[in-house]
Protein chains: 2
Amino acid sequence: MNGAESMLQTLINNGVEVCFTNPGTSEMHMVAAIGKSEGMRSILGLFEGVCTGAADGYGRMAGKPACTLLHLGPGLSNGSANLHNAKKANSPIINLIGDHATYHKKYDAPLTSDIVGLSGPVSHWVKSVESAESLPRDALDSVTAANVQPGQIATLIIPANCAWDDSIEPLPREDAPSTPCVSDDRVTDAAALLTNGKPTIILLGNMGLTEKSQCIVDKIAQVSGARIMCDTFTTRLPRGEGRCEVERLGYFSEQATEQVKGTEQLIMVGTKAPVAFFAYPGKASEFYPEGCDLHVLADANQNAEDALTRLCTALSASDLAPRKIQRQKQGAGSGELNQFTVGQTVAEFLPTDAIVVDEAATSGAGSFISTATSEPHDWLSLTGGSIGFGLPTSIGAAVACPDRKVICLHGDGGAMYTIQSLWTMARENLDVCVVIFANRKYQILQVELARVGAQSMTKKTLDMLDIGNPDMNFVKMSEGMGVRANRAETIEEFNDLYLDAMRTQGPCLIEVILP
Amino acid sequence: MNGAESMLQTLINNGVEVCFTNPGTSEMHMVAAIGKSEGMRSILGLFEGVCTGAADGYGRMAGKPACTLLHLGPGLSNGSANLHNAKKANSPIINLIGDHATYHKKYDAPLTSDIVGLSGPVSHWVKSVESAESLPRDALDSVTAANVQPGQIATLIIPANCAWDDSIEPLPREDAPSTPCVSDDRVTDAAALLTNGKPTIILLGNMGLTEKSQCIVDKIAQVSGARIMCDTFTTRLPRGEGRCEVERLGYFSEQATEQVKGTEQLIMVGTKAPVAFFAYPGKASEFYPEGCDLHVLADANQNAEDALTRLCTALSASDLAPRKIQRQKQGAGSGELNQFTVGQTVAEFLPTDAIVVDEAATSGAGSFISTATSEPHDWLSLTGGSIGFGLPTSIGAAVACPDRKVICLHGDGGAMYTIQSLWTMARENLDVCVVIFANRKYQILQVELARVGAQSMTKKTLDMLDIGNPDMNFVKMSEGMGVRANRAETIEEFNDLYLDAMRTQGPCLIEVILP
């Protein structure tokens, strides 16, 4: 059994069952091992950013890692932007990156590069394999690293000869690491803050945002009067009917500052103190009032559900019933075709347990607002700000949850970064409905241009933020990659297309032409 | 004048006149500065790999750097694969990468990452700017670094406040660094090798491959009997009528080993000793016989033309006339539609001074062979092995040389990595004819799978290397991005479409359906 085969069986033994691949010559023994295997599904992407984004979506929804198979430094580079997002999302991912044979590196062949150096910034854990014999152990260590809760990016760099040389037998299953619980002090201090009568916000993220966590926090809020909020961009936000109310922090500092005004205490659960996405001249970076008391109940890697349970007990709130959101019918959108009418329709016909992947940027608020009281669903956001996450992440979510409809809300500009994703959706016949909001500009940047006080609104400046001229045709591009597609120029057209998409299986795309 | 404005004017003062951009919020002051400027042309890419690949093509053809404008770590990551190629090509490029304001970095906002760490592996020179006052000097240093012959990747990381704060006046033009000449020993030793009667190959690359260098080497070959060869993948290879004969080293070690068999001496000019692209079990990595004497006349950063001139004089060959290639008409292709008949047509109607960008992989040999005796042209190859170079590089070549036709020969698999490039071609109305060889598979990998001895040819294995199912339609994708496109299913159809493309201006795409 060669290194590749033993590595692969070790991964399979430890619960890894999907590989998002874009291989090259140095990965051929791993390709062959996957080809001979029973327990590893291989899903091909035409670009590595598709693979890593898909692994992010898979990790968020499956709660365990998929692996990617990438071709040396350039393959990793192409996947890095979505690994950046996944790292900020704390998604579990294992990257298998082929490298030149150990004895070939000294020749500085064309594909030689510093893969360890490229891996560090987008990984929590990096290991360069030294021999075929050590590869299975390294692979198991990568699983352990990826499974550190809520998840980590583990990158394994595999020289070609470590894949093709003889190796040891595959390693059996090992238990995932347990998630550390917080100290009693953290709980006691939080309880004290929540009973001192000062205006308090409990800010949730990661494991502090699960359905279970939401229920516990809601009870805490009932006895303490604290407000419950979450970060602007969250890895996975359970919402809609049956979930509890969680207010999302605004993106712009003007909004966020207004939301948190008067707050004297911030308790973080599974996340850290909120800050501005970008700095702006003359504006504060912190999203909390000066002098606000900051308390971390649990950070992202600690057991938030346990901490909340103990806090709830300390406040004698365990026996309360959480206040759950009721389904509210608002009807489909009508009138002008815009993000709000589209959002109404998205919400009205949202299937139970749908997964919404949101990279709609300035066009996303309409759907987010309307879906607050729709059928229960999960909302996945762009956690790292790196554009081109929505389409690939939808692939991974659909692979992890084949029985759930995925709705991908996407801006036209952002969609072009990883447009190749459509082909993988067609190839795997994934149940994804892509809604493209086509405003033909980088609208967020036109907003930001004014906000940062960059005082040039010349035609040349605005042209740099305009993606019309020529207008793109997403219907043609989508059909070119095998995904059926239609264009909506009125809300009635959108309603028909969306309803049809919700009632049928398989990938489709709706291009919404915004006025 | 703020930092961005003074930086920009400093770049313009030093000959930088094109910026390939994909900006975000942290780059808005640079966008505004470009918008207000007279001397900087801005060309938008929908993905950063388009921008960096374009800068590579521009640098190869203009012989001076363009700049890119990229958005923090993820923007750099998306551009990194083509920077890898550009670095291996020794292309001059200046990357302007926005970063968070210096005081904002400590908050670890979503887009925060180790940009210096990400830059190192794909740059020759990296500088993180510390203040608006130092930015103009840093910008000038980046130009100097990029202009180290034949070219370097210079990366300047610019925190947002260094762009928006007040700065000093722009700096005036400074001379580019001179290229060091080789020592007399190098010349004398080479002359000795060339007169000792042993079978010798002179291997050319970079500045050793210019039209002028070729002429000098040809005279040296006439008196010494040495063979003239070049690397498999070259930055820029002047070929066709009026140029000298240079044999290209084969890609596969079987080919290359056969080509160099019996050679006892290798003299490198502007390049290094040839090695295999990948390691293969049981095959040597070196592309030269054991015991072959290796001599570097000039490395990539030394003045190859000067060294060759001195060597030519030392061999008393200066007065000879170089043997120049004659134009040979072969007629257009006929019969089956394949890479060889297509190549015949490509060669037959190749316009004078065309630029051929080659990422055709297993479909490229036909055109390379046929064009050997066509009109004079430049041939640009994939120097770093990172797929997705051809379309972006064609953009840059067309921007650098608006009066020359660019023909981009591309495999279908590789084209999908940076397919967004088509939109920029349409937007800028660039004179590029893209020929897609659609074989619906990663054919090179099917070849390599067998060659590395990875013994699995199961359907699952081959599916991982197959990009049919569904077949892509490049005509639709191209039209979706505003580039006129047609499909050729016979050689007659191809001949008509190609001839029409050569006779008209502006971007177009021909999808060649290979049997």
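Residues numbered from 1 in each chain as written. Chains lettered and ligands numbered in written order. Predicted model: local features only at pLDDT ≥ 70, side-chain atom pairs only at ≥ 80, totals over all residues.

(A) Up close: the overall build of chain A. Within chain A, the regular secondary structure consists of 20 helices and 18 strands. The globule rule puts the C-alpha radius of gyration for 515 residues at 24 Å, and the 24 Å found for chain A is close to it. Counting only C-alpha atoms, chain A reaches 65 × 60 × 50 Å along its principal axes. In chain A, which comprises 515 residues, the proportion classed as buried is 63%. (Helix = DSSP H or I, 4+ residues; strand = E, 2+ residues; numbered from the N terminus. Rg over C-alpha atoms; globule rule 2.2 N^0.38 Å. Buried ≥ 20, exposed ≤ 12 C-beta atoms within 10 Å, placed from the backbone.)

(B) Spatial organisation of the environment of B:Glu27. Residue and element names in this part refer to chain B. Following the sequence through the fold, Glu-27 ends up in the loop between strand 1 (18-21) and helix 2 (28-36). Once the C-alpha coordinates of Glu-27 and Gln-149 are considered, the two residues, 122 residues apart in sequence, prove to be 29 Å apart. In this structure Glu-27 touches Leu-69, His-71 and Gly-98, once residues within four positions along its chain are discounted. (Contact = placed C-beta atoms within 7 Å.)

(C) Structural view of the sheet that holds strand 1 of chain B. All names here are of chain B. If you walk across this open sheet you meet the six strands as 2-1-3-4-6-5, and the pairing is parallel. Edge positions in the sheet fall to strand 2 (41-44) and strand 5 (125-128), since each of these pairs with one other strand and no more. On average, each strand axis in the sheet is tilted by 20 degrees relative to the strand beside it, whichever way the strands run. In this structure, strand 1 lies alongside strand 2, joined through four bridges in parallel fashion. (Pairing = 2+ DSSP bridges. Axes fitted to C-alpha atoms, helices over the stretch in contact; angles between N-to-C directions.)

(D) Fine view of the sheet that holds strand 6 (residues 153-159) of chain A. Residues and elements named next belong to chain A. In spatial order, the strands read 2-1-3-4-6-5; together these six strands make up an open sheet with parallel pairing. This sheet does not close on itself; its edge strands, each paired only once, are strand 2 (41-44) and strand 5 (125-128). The average undirected angle you get between the axes of adjacent strands in this sheet is 20 degrees. Of the strand pairs in this sheet, strand 3 (residues 66-71) and strand 4 (residues 93-99) are connected by six bridges, and their pairing is parallel. Note that in strand 4 the partner of Ala-66 across the bridge is Ile-93.

(E) Local environment of the relation of the copies chain A and chain B. For the pair chain A and chain B, the superposition axis carries a translation of 0.0 Å, the fit reaches an RMSD of 0.0 Å, and the rotation angle comes to 180 degrees. What the superposition gives is, in effect, a two-fold axis relating one chain to the other. Among all C-alpha atoms of chain A, that of A:Met477 lies closest to the rotation axis, at 2.1 Å. (Least-squares fit on C-alpha atoms with pLDDT ≥ 70 in both.)

(F) Highlighting the domain arrangement of chain A. Residue and element names in this part refer to chain A. The assigned domain composition of chain A is domain 1 (3-164), domain 2 (184-314) and domain 3 (339-513). Each of domain 1 and domain 3 has a C-alpha centre, and these two points are 29 Å apart. Taken together, the contact pairs 25 residues of domain 1 with 25 residues of domain 3. Those elements giving two or more residues to the side of domain 1 that touches domain 3 turn out to be strand 2, helix 3 (48-62) and helix 4 (72-89). (Domains from an automatic or database assignment.)

(G) Summary view of the interface of chain A and chain B. Contacts between chain A and chain B engage 82 residues on the former and 83 residues on the latter. The leading source of residues in the side of chain A that touches chain B is helix 4 of chain A, at eight residues. Among the residues making up the side of chain A that touches chain B, the classes are represented as 42 nonpolar, 32 polar and eight charged. (Nonpolar A, V, L, I, M, F, W, Y, C, P; charged D, E, K, R; others polar.)

(H) Structural context of helix 4 of chain A. Residues and elements named next belong to chain A. Taking 1.5 Å as the rise per residue, helix 4 with 18 residues should run 26 Å; its terminal C-alpha atoms sit 24 Å apart, in good agreement. Most pronounced at Ser-80, the bend in helix 4 amounts to some 50 degrees. Here helix 4 lies mainly inside the structure; 18 of its 18 residues are buried. (Expected span 1.5 Å × (residues − 1). Bend = angle between axes of the 7 residues up to and from the residue.)

(I) Up close: the nonpolar core. If you look at the biggest cluster of nonpolar residues, it comprises 341 residues, and the most contacted ones within it are A:Val269, A:Val512, B:Val269 and B:Val512. Leave out the neighbours within four places in its chain, and A:Val269 touches A:Ile202, A:Leu203, A:Leu204, A:Gly208, A:Leu297, A:Ala298, A:Ala304, A:Ala307 and A:Leu308. (Core = buried A, V, L, I, M, F, W, Y, C linked by C-beta atoms within 7 Å.)

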